[in-house]
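The primary structure of each chain is shown beneath.
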Amino acid sequence: MPDLNWFPGHMTKAKRKIAEQIKLVDAVAEIVDARIPVSSRNPDIPELIGDKPHIVLLNKCDMADKEKTAQWISYYKDNKIIALAVDAKSGKGVSEFKSAAMSALESRLKMYEEKGMTGRTLRIMVLGIPNVGKSSFINRLSGKSKAKVENRPGVTRGNQWFTVDKHLELLDTPGVLWPKFDSQTVGEHLAITGAVTDRILDTELLAMRLIEILKADYMQLISDRYRICELPEDSYEALCVLGKRRGMVIRGGEVDTLRAANMLLEEFRNSKIGRITLEGVDFSA
Ligand code: G4P
């Protein structure tokens, strides 16, 4: 998983590659994690995209809060960007991509038509940080297993084109577009979802951050899963309560908070607690 020691040389290289290759495409499909649409978005993307038509795919929507995903879609719509909720793992929403892309490309298509360039193959670059689901999405759309799904995010891949049909080709992100830790919260949210290794941050602290969000927005899910109606105000104490509930007690009756933190993060990442979004439209890093 990506660590922090890549920065900034690798980022510069990836950005340069993307800037070069973006000239070859008609549009950009940016994939973000629907649970953390802000933190999973590399903030350099708007600058890289420039005025190319742009579609945002809120992937892993099966794990995200439905209502919040819908709010994100309207947020993007208000900003004149077409956004789609996608679950690239099961394929849900993927079939809508082509028509969304055509809508985003409407004026370009018109221009091509006026120039007599009908039937031209459209090329779309798929952009996104590692582990956001690019390979899964490309596999789903091209219906082949050419884009190998790597379970180690950040594995360098060469330039890869994928044919969807005779009218559409996809280009996988050239190089590795690392996430950017503009704030502590961004780093924490990336680590909580497992987009970056949690070795760089304190596990108990991550679990406490998650508890804060769960307490604010998802108390019902907590009570359903852990059979606890209320959690203490203090997040560390709340972590102890959850650990105790799961019998994670060490000698002297003390709670093994590291085990409890790992349990909570694991259950969140595996969607055991429920569909949770850490960043709503009002989130700012
Ligand atoms: P990348 O190319 O952007 O690096 O991402 P990739 O497609 O390799 O996906 C990273 C992980 O996220 C994979 O899990 C993949 O199955 C999972 N994933 C991708 N899209 C979705 C989605 O919409 N919903 C859910 N729930 N998961 C998604 P993995 O654990 O690395 O592999 P595996 O579980 O497929 O074995």
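The shown structure was predicted, so the numbers you read here are calculated from the model rather than taken from an experiment. (Residues numbered from 1 in each chain as written. Predicted model: local features only at pLDDT ≥ 70, side-chain atom pairs only at ≥ 80, totals over all residues. Heavy atoms only, no water.)

Here we look at the nonpolar core
We count it as follows: Residues enter a nonpolar core if they are buried and are Ala, Val, Leu, Ile, Met, Phe, Trp, Tyr or Cys, with the set joined through side-chain atoms within 4.5 Å. Burial classes follow relative accessibility: with a 1.4 Å probe on protein chains only, a residue under 20% of its type's maximum area counts as buried, one over 50% as exposed, and anything between as partly exposed. Where each domain begins and ends follows an automated or database-derived domain assignment. Contact between two residues is taken to exist if any of their heavy atoms lie within 4.5 Å; hydrogens are not considered.
Within the largest apolar cluster, 58 residues are counted, with the highest numbers of intra-cluster contacts made by L57, F97, I124, F137 and L264. Structurally, this core is a two-domain feature, drawing no fewer than three residues from each of domain 1 (4-172) and domain 2 (202-269). Contact partners of L264, with chain neighbours within four places excluded, come to A207, L210, I211, L214, Y226, L242 and I273. In this structure, V25, M125, L127 and L171 belong to the second largest nonpolar core, which totals 11 residues.

Quick word on the sheet that holds strand β4 (residues 122-127)
Going by this rule: Two strands make a pair as long as DSSP finds a minimum of two bridges between them. Secondary structure is summarised from DSSP: a helix means a run of H or I of at least four residues, a strand means a run of E of at least two, and numbering begins at the N terminus for each. Helix axes use the C-alpha atoms of the stretch in contact, all axes being lines fitted to C-alpha atoms, and the angles between their N-to-C directions lie in the range 0 to 180 degrees.
Pairing in this open sheet of six strands is mixed, and the strands run β3-β2-β1-β4-β6-β5 from one edge to the other. Across the chains shown, the open sheet's two edge strands, defined by having one partner strand only, are β3 (82-85) and β5 (161-165). Going across the sheet, the axis of each strand differs from the next one's by a mean of 25°, ignoring polarity. As defined by bridge partners, strand β1 (residues 27-33) adjoins strand β2 (residues 54-59) across six bridges and the pair is classed as parallel.

Concerning the domain arrangement of the protein
Quick note on the threshold: Simply put, the buried area is the total loss of 1.4 Å probe accessible area from both parts when two parts are fitted together. The salt bridge criterion pairs a side-chain nitrogen of Lys or Arg with a carboxyl oxygen of Asp or Glu, the two atoms within 4 Å. Polar contact criterion, stated in full: a pair of N or O atoms within 3.5 Å, where within protein one must be able to donate a hydrogen and the other to accept it, and residues adjacent in sequence count only if both atoms are side-chain atoms. Amino acids outside the nonpolar list (Ala, Val, Leu, Ile, Met, Phe, Trp, Tyr, Cys, Pro) and the charged list (Asp, Glu, Lys, Arg) are all regarded as polar, and Gly is one of them.
You can read the domains of the protein as domain 1 (4-172) and domain 2 (202-269). Distance from the C-alpha centre of domain 1 to the C-alpha centre of domain 2: 35 Å. The three residues of domain 1 that bury the most area against domain 2 are R35, D65 and K68, which together make up 81% of that side's buried surface. Taken together, domain 1 and domain 2 are joined by one salt bridge. Linking K68 and D217 is a salt bridge whose minimum nitrogen-to-oxygen distance equals 2.9 Å. At the junction of domain 1 with domain 2, the criterion picks out three residue pairs in polar contact (both at pLDDT 80 or more). Of the residues contributing to the side of domain 1 that touches domain 2, the split by class is one nonpolar, no polar and three charged.

A word on helix α4 (residues 97-104)
Our working definition: When we speak of the arc, we mean the arc of directions from the helix axis to the C-beta atoms.
Those residues of α4 not exposed but buried are F97, A100, A101 and A104. Seen along its axis, α4 keeps its buried residues to an arc of 100°; they face one direction.

What about unusual backbone geometry?
Phi angles above zero are rare outside glycine, and R227 is one such case at about 55°. For R227, a relative accessible area of 60% gives the class exposed. One non-glycine residue, S271, adopts positive backbone phi at about 60°. Along the chain, S271 turns up in the segment after α11 (257-269).

A word on helix α3 (residues 66-78)
So the rule is basically this: Each residue after the first adds 1.5 Å to the expected span of a helix.
Taking 1.5 Å per residue as the helical rise, α3 with its 13 residues ought to reach 18 Å, and the 19 Å between its terminal C-alpha atoms agrees with that figure. Turning to α3, its buried residues are K68, T69, W72 and Y76. Relative to the axis of α3, the buried residues are bounded by an arc of 100° and lie together on one face. Facing away from the buried side of α3 by over 90 degrees, the exposed positions are K66, E67, K77 and D78. On its buried face, α3 is in contact with β2, β3 and α8 (203-217). Where α3 begins, the side chain of D65 points an oxygen toward the backbone nitrogen of E67, at a separation of 3.0 Å.

Brief notes about the packing of helix α7 (residues 184-193) against α11
Definition in use: Note that the term roughly parallel is reserved for angles under 35 degrees, roughly antiparallel for angles over 145, roughly perpendicular for angles of 65 to 115, and oblique for everything else.
It is the contact of α7 with α11, at a shortest axis distance of 8 Å, that shows an interaxial angle of 75°. What the angle tells us is that α7 and α11 run roughly perpendicular. Counting all contacts with α7, which are made through A191, I192 and T193, the residues of α11 involved are L265, F268 and R269. Among the residues forming the contact of α7 with α11, the class breakdown is four nonpolar, one polar and one charged.

Describing the packing of aromatic side chains
Filter applied, for reference: Note on aromatic contacts: the rings of Phe and Tyr and the six-membered ring of Trp form a pair at centre separations within 6.5 Å, being stacked when their planes are under 30 degrees apart, edge-to-face when over 60 apart, and tilted otherwise. For a ring to carry a charge above it, either NZ of a lysine or CZ of an arginine must fall within 6 Å of the ring centroid while also lying within 35 degrees of the normal to the ring plane.
In total, this model carries four aromatic pairs according to the counting rule given. Where Y75 meets Y76, the ring centres are 5.5 Å apart and the plane angle is 80°; that geometry is what we call edge-to-face. Looking at Y76, the relative accessible area reads 5%, which means it is buried. When the centroid spacing of 5.2 Å and the interplanar angle of 80° are considered together, the rings of F97 and F137 count as edge-to-face. With F97 in helix α4 and F137 in helix α6 (residues 134-142), this residue pair connects regions lying 40 residues apart in the sequence. Across the pair, F137 and F97 agree in class, each one buried. Aromatic rings pair up to connect W72, Y75 and Y76 into one cluster. The ring of Y112 has R120 lying over it, and the distance from NZ or CZ to the ring centre is 4.2 Å. The ring of W161 carries the charged tip of R123 above its face, separated from the ring centre by 4.8 Å.

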